[in-house]
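Coordinates in review
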Amino acid sequence: MFGKSMKKTRKLSSRFVLLFSAVTLPLLLILFAVGHYAQDVVLTQVANSYQNLVNSNLNMIDRSLDDITTNMVYNVDHDENFQKFGQTGLSDSEYYFAQMELIQRNSAYRSYYHTVDMFYVYSKPNNVLATTNVMTDTDHDQVSSWITQTLNNQEALRPLMYQWTVIQIGQEHYLHRVVSDDTSNNAYIGALISMNTLKLPLKDVRTGGDVLFADKDGMILSQPSGSLSKEFRLPADKLAQNTSFSYSDGGKKLFIITSQSPLSGISMAVVLPYSDLLKGLKQFQTVINLLPLFVLVILLIYLFVFRRIILTPILQLLGTIRRVKDGDMEMKLPESQITEFAIINHTFNNMMDEIKDLKIDVYEERLNAQKAELKHLQMQINPHFFLNTMNIIFQLADLKRYELVKKTVRHMVGYFRFMLGTSRDTITLSQELEHIRNYLEIQKMRYQDSFDFEIACTEELLDARIPSLLIQPFVENAMIHGMSVKGEPFLLQIMAARDVDSVDRMLIEVKDNGKGISAGLMEELAADHYKPSSEDNHIGIWNVKKRAAMRYGSLARIYFQPNEIKGLVVRLILPIDYRREQDEHGADAGR
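Residues take numbers from 1 onward in each chain, read along the sequence in its written order. The predicted origin of the model limits local features to residues at a pLDDT of at least 70 and limits the giving and counting of side-chain atom pairs to 80 or more, whereas totals for whole chains, interfaces and linings rest on all residues. In computing side-chain values, all of the structure's heavy atoms are included and hydrogens and water are not.

Next up on the list: the overall build of the protein. Only DSSP runs of H or I reaching four residues or more are called helices, and only runs of E reaching two or more are called strands; each is numbered from the N terminus. In terms of regular secondary structure, the protein is built from 17 helices and 16 strands. Partly exposed residues are those whose accessible area sits between 20% and 50% of the maximum for their type, while under 20% is buried and over 50% is exposed, using a 1.4 Å probe and protein chains only. Out of the 591 residues belonging to the protein, those deemed buried represent 41%. Pairs at least 24 apart in sequence give 60% of the contacts found in the protein among residues at least 6 apart. With an accessible surface of roughly 34300 Å², the protein has 54% of that area assigned to carbon and sulfur atoms. It only takes one pair of heavy atoms within 4.5 Å for two residues to be counted as in contact. Residue burial considers only the protein chains on display, and all accessible areas are found by Shrake-Rupley using a 1.4 Å probe.

Before going further, it helps to spend a moment on the packing of helix H15 (residues 472-482) against helix H17 (residues 539-552). Running from N to C, H15 and H17 point in directions that differ by 160°, and their axes come no closer than 9 Å. When the axes of H15 and H17 are compared, the pair comes out roughly antiparallel. Considering how the two elements wind past one another, H15 and H17 form a crossing that is left-handed. The residues of H17 that touch H15, namely those facing Pro473, Phe474 and Asn477, are Gly540, Ile541 and Val544. Classifying every residue of the contact of H15 with H17 gives four nonpolar, two polar and no charged. Angles here are taken between N-to-C directions and fall from 0 to 180 degrees, while the axes themselves are lines fitted to C-alpha atoms, restricted in helices to the stretch in contact. When describing relative orientation, an angle under 35 degrees is termed roughly parallel and one over 145 degrees roughly antiparallel, while 65 to 115 degrees is termed roughly perpendicular and anything else oblique. A clockwise turn of the near helix away from the far one marks a right-handed crossing, whereas an anticlockwise turn of less than a right angle marks a left-handed crossing. Note on residue classes: Ala, Val, Leu, Ile, Met, Phe, Trp, Tyr, Cys and Pro are nonpolar, Asp, Glu, Lys and Arg are charged, and everything else, Gly too, is polar.

This paragraph deals with a nonpolar patch on the surface. On the surface, Leu290, Leu293, Leu296, Val297, Leu300, Ile301, Tyr302, Phe304, Val305 and Ile309 cluster together into a nonpolar patch covering about 950 Å² of accessible area. Locating Tyr302 in the fold gives a position in helix H10 (residues 282-325). Since its relative accessible area comes to 42%, Tyr302 is described here as partly exposed. Patch members must show over 30% relative accessible area and no salt bridge, and they are joined within 9 Å when carrying like charges or within 5 Å when they are nonpolar side chains of Val, Leu, Ile, Met, Phe, Trp or Tyr. Each reported salt bridge corresponds to a side-chain nitrogen of Lys or Arg within 4 Å of a carboxyl oxygen of Asp or Glu.

The next point concerns the nonpolar core. Here, the term nonpolar core denotes a set of buried Ala, Val, Leu, Ile, Met, Phe, Trp, Tyr and Cys residues that are joined through side-chain atoms within 4.5 Å. Within the largest apolar cluster, 54 residues are counted, with the highest numbers of intra-cluster contacts made by Leu429, Leu440, Ile471, Phe474, Val475, Leu492 and Met506. The element that contributes the greatest number of residues to this core is helix H14 (residues 429-447), accounting for seven residues. The contacts of Ile471, once residues within four sequence positions are left out, are Leu429, Glu432, Leu433, Ile436, Ile466, Ile508 and Val510. Formed by 40 residues, the second largest nonpolar core is a distinct cluster that contains Leu102, Phe119, Leu221 and Ile266.

A positive phi is found at Lys400, a non-glycine position, where the angle reads about 60°. Examined against the element boundaries, Lys400 turns out to sit in the loop between helix H12 (384-398) and helix H13 (402-419). A relative accessible area of 61% means that Lys400 is categorised as exposed.

It is worth spelling out the sheet that holds strand S6 (residues 210-214) at this point. For two strands to be treated as a pair, DSSP must find no fewer than two bridges joining them. Here we have four strands laid out as an open sheet, ordered S6-S9-S8-S7, and antiparallel in their pairing. In this open sheet, the two edge strands, each paired with only one partner strand, are S6 and strand S7 (244-249). Across the sheet, the mean angle separating the axes of adjacent strands is 35° when strand polarity is ignored. Here six bridges tie S7 to strand S8 (residues 252-260), and the two strands are oriented antiparallel to one another. By the bridge assignment, Ser248 is partnered in S8 with Lys253.

Time to look at empty space enclosed by the protein. In this analysis a 1.4 Å probe is tested at points of a 1 Å grid over the protein atoms alone, and where it fits but cannot get out there is a cavity; an open set with protein on both sides within 12 Å along at least five of seven lines is a pocket; lining residues have an atom within 4 Å of a point. Grid points are joined across faces, edges and corners, and a volume is the space filled by probe spheres set on the points. Under the counting rule described, the total for this entry stands at three cavities of 30 Å³ or more. Taken as a whole, the largest cavity encloses approximately 110 Å³ of empty space. Taken together, Phe474, Asn477, Ala478, His481, Gly482, Val510, Asp512, Gly516, Ile517, Leu568 and Val570 make up the full set of residues lining the largest cavity. Counting residues per element, the ones that place at least two in the lining of the largest cavity are H15, strand S14 (505-512) and strand S16 (568-575).

Of all the five residues making up S6, five are buried; the element is thus mostly covered by neighbouring parts of the structure. Side chains Asp210, Leu212 and Ala214 project from S6 onto one buried face, and the interleaved Val211 and Phe213 project onto a second face that is buried too. Relative to strand S9 (residues 267-273), S6 runs antiparallel, the two sharing five bridges. Within S9, the position partnered with Leu212 by the bridge is Ala269.

Secondary-structure assignment places Thr258 in strand S8. The class for Thr258 is buried, based on a relative accessible area of 0%. Among all residues touching Thr258, those that are not within four sequence positions of it are Gln51, Val54, Lys238, Leu239, Asn242, Thr243, Phe245, Met268 and Ala269.

Let us look at H12. For H12, which comprises 15 residues, the first-to-last C-alpha distance of 21 Å matches the rise-based estimate of 21 Å (1.5 Å per residue) to within 8%. Those residues of H12 lying buried are Phe385, Thr389, Ile392, Ile393 and Leu396. The buried residues of H12 all sit within an arc of 95° when viewed along its axis, so they share a single face. Exposed side chains of H12 directed beyond 90 degrees from the buried face belong to His384, Leu387, Phe394 and Asp398. On its buried face, H12 is in contact with H13 and H14. Take the number of residues in a helix, subtract one, and multiply by 1.5 Å to get its expected span. The arc under discussion is defined with respect to the helix axis, by the directions toward the C-beta atoms.

All right, on to the environment of Asp425 then. With respect to the helices and strands, the residue Asp425 is situated in the loop between H13 and strand S10 (426-428). Given the relative accessible area of 28%, Asp425 is considered partly exposed. In the structure, Asp425 is positioned 41 residues away from Ile466 in sequence and 8.5 Å away in space, judged by C-alpha atoms.

Let us look at the packing of aromatic side chains. Note on ring pairs: Phe, Tyr and Trp rings are taken, using the six-membered ring of Trp, and paired if centres are within 6.5 Å. Classes follow the plane angle, with under 30 degrees stacked, over 60 edge-to-face and the rest tilted. Taken as a whole and judged by the stated rule, the model has seven aromatic pairs. When the centroid spacing of 6.4 Å and the interplanar angle of 85° are considered together, the rings of Phe245 and Tyr247 count as edge-to-face. Of the residues examined, Phe245 reaches a relative accessible area of 7% and is grouped as buried. Judged by relative accessible area, which is 27%, Tyr247 ranks as partly exposed. Aromatic side chains Phe474 and Phe560 sit 6.2 Å apart centroid to centroid with 50° between the ring planes, which places their arrangement in the tilted category. With Phe474 in helix H15 and Phe560 in strand S15 (residues 557-562), the pair connects residues that are 86 residues apart, well separated along the chain. Neither residue differs from the other here; Phe474 and Phe560 are each classed as buried.

On to the pattern of salt bridges. Side-chain pairing between opposite charges can occur once the charged atoms of the two side chains come close. Counted by the stated rule, this structure contains eight salt bridges. Here Lys511 and Glu509 are joined by a salt bridge, their closest N and O atoms 3.7 Å apart. For Glu509, a relative accessible area of 9% corresponds to the buried category. In this structure, Glu509 and Arg571 form a salt bridge, with 2.7 Å as the shortest nitrogen-oxygen distance. You can see Glu509 sitting in strand S14 and its partner Arg571 sitting in strand S16, a full 62 residues away along the chain. Within the structure, one salt-bridge network assembled from shared partners comprises Glu509, Lys511 and Arg571.

Here it is in structure tokens:
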């Protein structure tokens, strides 16, 4: 078809798609880039805003912790009531008034420092604990028990001294600081700040968001909102960087801004869901996400219109050209509403009319040329056979073997009567085999016991018609090139039967046990464009191949292969045809 004779090409529709894609894809990429850039701008602005908020709150918390520490240290060093509270041997009234003064002072401190949930003082010699109040939802006995046990346990107390530390009482976490007289350690003053209290100033930070406090390992110290999972933790490697980052909690994408306190070591984090954070860009993102679908719909509409206006007329033209190439010369293109295609179709239809007229004349000339060439090919007979036959007759007559002379003359007459019937284009397979038998009987007279032959044909194929002299050249070629008088007798076998692979074809086989031919020569003879270098070199085989191609085209096959033991096998596969043809005088060609 066209693909074998033309360079690799692309269809017009594929070029249109490529052109459309070359225009739309860059636009889509730009829109996607703008969308991502807008998202990055929003995230950067949110991160900067909340980073400042977190840093300012942490700084405020650190300053409050410093002030609380300063006041507690001042009480330890300068408050007489604190010093009395840790002494023994005081009267009940003195001890009572000292305790009440400390409680009132600490209550005043708590009203100033709103983040402090509890101030407490503890007298170790007297085992008395006084507190300003009890935190909400926390059991007073549980808190008091923890303070008393911790302050009476030096190993547990040692890491809590001189710094703010994170402790856990029950299910809550607190910032804790305790101060005492380093010389006697008879009395202690301390403060407890709930982590949930620290996040109260930022409880309305953003709808859907949350403020969390975490330790250095990322464990959450404050109570998280219900939108976060119970196992939620912050990545420890991010907490010390005072940065913003994306994080995932059970498939929910979060945007987190963190900052760490250098004083207490805790980290404050603002957690914002992406869905709420980018709510303002949701419609814009939806439009961007739907753009490819929108572009696809436009492309399909364009393709439909393009196909109807341009591709359909072109496909009609190509289809008509293919039909004409296959031999349908009656094909015509329909009228078109498009001016350019109307001109093309009209010109094509006129051209087809002219080609039909020319083809009739060319076809007739070609038939006459083929008939003349066929007659010429049929006349290309080797004259050496006639001379050899006359020599055989002379020798038999000289030996006075007159019966053999008559038999040889009878076969020679049949042979040359057949050869002189040049007006016949086709003959029956039985006539061809009978002609070959005459030829081989004469050769048998010549070579006697050094040669033998067998001819076999299924009865149903005897009336099948083939071009004349189609098998005889292979028989003659075997006698000339394959026979050897040395060694075992030369055996030539001719067989005709229905092809087992295709019931509408016949297989004709010419087999000998002679010299055979080389693989290179077999390949050369089997080539489609084989042509002998001279008229004496396998001219008969070339004659047969050319005539078979004229008669059957690609339906005829000729194969050359070595015999199982030695020699050559030639196989002809031809269509089975029983139709009779008329010669140039109108007579039946088979008569």
